[in-house]
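Architecture at a glance
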Amino acid sequence: MKEFPEIKVPLTQIYEMSLAPVQTNALVAGVELAIFDQLNKPIRAEELAEKCGFDARTTAEYLNVLTACELVTKKNGFYQNSPVAEQYLVTSRPTYYGNLIFFEYERLSMSPKKIAELVKNGPAFSEEKGMNSEEFWIRYAKSMANWERSGTAQKIADIISALPEFSLMKGMLDLGGGPGLVGIAVLSRHPSMEGVLFDQPAVVNVAEEFIAEYGLSDRITMIGGDYLNDHLGSGYDLILASCTLNFAKGCMDKMVKKIYDALNPGGIFVSLHDGIYDEGTKPAIHVLNMMPSVLSGYNCSLSKGFIVDSILNAGFRSVRSKTINFDAGPLDVDIARKTEVTED
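Residues numbered from 1 in each chain as written. Predicted model: local features only at pLDDT ≥ 70, side-chain atom pairs only at ≥ 80, totals over all residues. Heavy atoms only, no water.

Here we come to the overall build of the chain. The helix and strand inventory of the chain stands at 13 helices and ten strands. Along the longest, intermediate and shortest principal axes, the C-alpha atoms of the chain span 85 × 60 × 35 Å. The buried share of the chain, taken over its 344 residues, is 44%. Sequence separation of 24 or more characterises 69% of the internal contacts of the chain that already satisfy a separation of 6 or more. Of the roughly 18,700 Å² of accessible surface on the chain, 54% is carried by carbon and sulfur atoms. (Helix = DSSP H or I, 4+ residues; strand = E, 2+ residues; numbered from the N terminus. Buried < 20%, exposed > 50% of the residue type's maximum accessible area, 1.4 Å probe, protein only. Contact = heavy atoms within 4.5 Å. Areas by Shrake-Rupley, 256 points an atom, 1.4 Å probe, with all protein chains shown as cover.)

Laid out in structure tokens, this is it:
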């Protein structure tokens, strides 16, 4: 008689992973339907279906799925947004995450067939599709804005404003600043410091809108260009590079030396970036996020300590590093100080 196999570990992990696409697709469909806009107050499924012109039966079943995903609550037949959906999935909120969900879903939804093809045959191209187009970067900057002001910008501002030199700073460079919310958050903590946002020309135009929204147009100027090759300016007391130096992976020593030269004596360089470790397998959230890029031959992930080596090579007096948990996973924060001018 044939014996059953010995089970040493449960199937749970594999089974739950097989269901993960159901949650993702349900979330993206909810954003597509803007259904969370209708769930700010308790409502029955049939009432919601009539209001939106949906099928009543499938609407009820779908709302049950969203409830199972903990995006919606259900009590006595009434559905309502969970706190997280109310904060991030309602289109009128400044923290609305739906645009980035669409952007990332397109980027991350690599089919199993495509993954297998790339593993078998190697990458088909050397960089992410569309990255050379202005449209790509405009859309990217706009979709990143609400993510930045959903906690990330505030946390970075906390780190920088706690520096002992912060109150004396006069000029800041937000390098690769994207939509500008991080730089805006930092400057909002200081009464007079002025800033420069450096990014691609198309992205700078997007940032200009947010800078005006926060009333900082008189304190932030913009430079549109390629920071890998163009002059950064000079005389800065602070240079911030938030999740952007991945693009300088192939020339990091040169890039960090440019940053060093652009700082005033005693100036501070702050870099936030992924710090991949454990032989390229952790943190899992970053490894998973980068899968489409790395399989396509564009691996811009930064190993833990990679930027620190370039900081020391550039001549900075000191560097302090720590890992801080953000909503999109742990990020390494390197804080480097340029040598003060000494008199003979």
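Turning our attention to the packing of aromatic side chains. In total, this model carries nine aromatic pairs according to the counting rule given. Relative to F136, the ring of F103 lies with its centre 5.6 Å away and its plane at 55°, an arrangement referred to as tilted. A residue pair is termed long-range when its members are at least 10 positions apart, and F103 in helix 5 (residues 98-108) and F136 in helix 7 (residues 134-161) qualify at 33 residues. Measuring from ring centre to ring centre gives 5.0 Å for F136 and W137, while their planes differ by 85°; the resulting arrangement is edge-to-face. (Phe/Tyr/Trp six-rings, centres within 6.5 Å; stacked < 30°, edge-to-face > 60°.)

Taken together, the side chains of L11, I14, Y15, M17, L19, V22 and V65 make up a nonpolar region of the molecular surface, amounting to roughly 700 Å² of accessible area. Top element by residues in the nonpolar patch is helix 1 (residues 12-33). It accounts for five residues. With respect to the helices and strands, L11 occurs in the segment before helix 1. (Patch = residues over 30% accessible without salt bridge, like charges linked within 9 Å, V, L, I, M, F, W, Y side chains within 5 Å. Salt bridge = Lys/Arg side-chain N within 4 Å of Asp/Glu carboxyl O.)

A common measure of how large an interface is: the accessible area buried when the components associate. According to the domain assignment, the chain contains domain 1 (11-97) and domain 2 (147-279 + 298-337). Distance from the C-alpha centre of domain 1 to the C-alpha centre of domain 2: 37 Å. (Domains from an automatic or database assignment.)

To continue, consider the packing of helix 7 against helix 9 (residues 201-213). Remark: helix 7 packs on helix 9, axes separated minimally by 8 Å, with the N-to-C direction vectors making an angle of 30°. When the interaxial angle is binned, helix 7 and helix 9 end up roughly parallel. As helix 7 runs across helix 9, the sense of the crossing is right-handed. Facing helix 7, whose interface residues are E134, W137, I138, A141, K142, A145 and R149, helix 9 presents A202, V203, V206, F210 and E213. Residues of the contact of helix 7 with helix 9, tallied by class, amount to eight nonpolar, no polar and four charged. (Axes fitted to C-alpha atoms, helices over the stretch in contact; angles between N-to-C directions. Parallel < 35°, antiparallel > 145°, perpendicular 65-115°, else oblique. Left-handed = near helix turned anticlockwise from the far one by under 90°. Nonpolar A, V, L, I, M, F, W, Y, C, P; charged D, E, K, R; others polar.)

Our next topic: the UniProt feature "domain: O-methyltransferase dimerisation" (unreviewed entry) in the chain. The UniProt record marks residues 22-90 with the feature "domain: O-methyltransferase dimerisation" (unreviewed entry), using the residue numbering of this structure. The span residues 22-90 is 57% helical and 14% strand by assignment, and the distance between its end C-alpha atoms comes to 21 Å. (UniProt positions renumbered as here; feature names shortened; annotations may be inferred.)

The next thing to look at is the nonpolar core. Residues I160, V186, L238, L240 and V270 are the most contacted members of the largest nonpolar core, which totals 43 residues. Mapped onto this core, the elements with two or more residues apiece are helix 5, helix 7, helix 8 (181-188), helix 9, strand 7 (236-242), strand 8 (263-273), strand 9 (318-326) and strand 10 (329-337). A total of eleven residues in this core trace back to one element, the largest contributor, which is helix 7. Not counting the four nearest positions on each side in its chain, L240 is found in contact with I156, I160, M172, L173, D174, L175, V182, V186, V270 and L272. Within the second largest apolar cluster, 25 residues are counted, among which are M252, V256, L263 and I311. (Core = buried A, V, L, I, M, F, W, Y, C linked by side-chain atoms within 4.5 Å.)

Residues spaced three or four apart along an α-helix face the same direction, because each turn holds 3.6 residues. Within helix 13 (residues 306-314), the full set of buried residues consists of I307, V308, S310, I311 and A314. All buried residues of helix 13 project into a common sector of 165° when viewed along the axis, lining one side. At its buried positions, helix 13 is contacted by helix 10 (252-262), strand 8, strand 9 and strand 10. Once helix 13 ends, the next one or two residues include G315, with phi positive near 105°. (Arc of directions from axis to C-beta.)

In total, this model carries ten salt bridges according to the counting rule given. Ionic pairing is found between K282 and D278, a salt bridge with its closest N-O pair at 3.4 Å. Note that K304 is salt-bridged to D332, the shortest N-O span being 2.9 Å. Of this pair, K304 sits in the loop between helix 12 (291-295) and helix 13 while D332 sits in strand 10, placing them 28 residues apart in sequence.

The next thing to look at is the pairing of strand 2 (residues 72-75). Sheet topology places strand 2 next to strand 3 (residues 78-81); four bridges connect them, and they run antiparallel. Within strand 3, the position partnered with K75 by the bridge is F78. Between the antiparallel neighbours strand 2 and strand 3 lie two residues, among them N76 with a positive phi of about 55°. (Pairing = 2+ DSSP bridges.)

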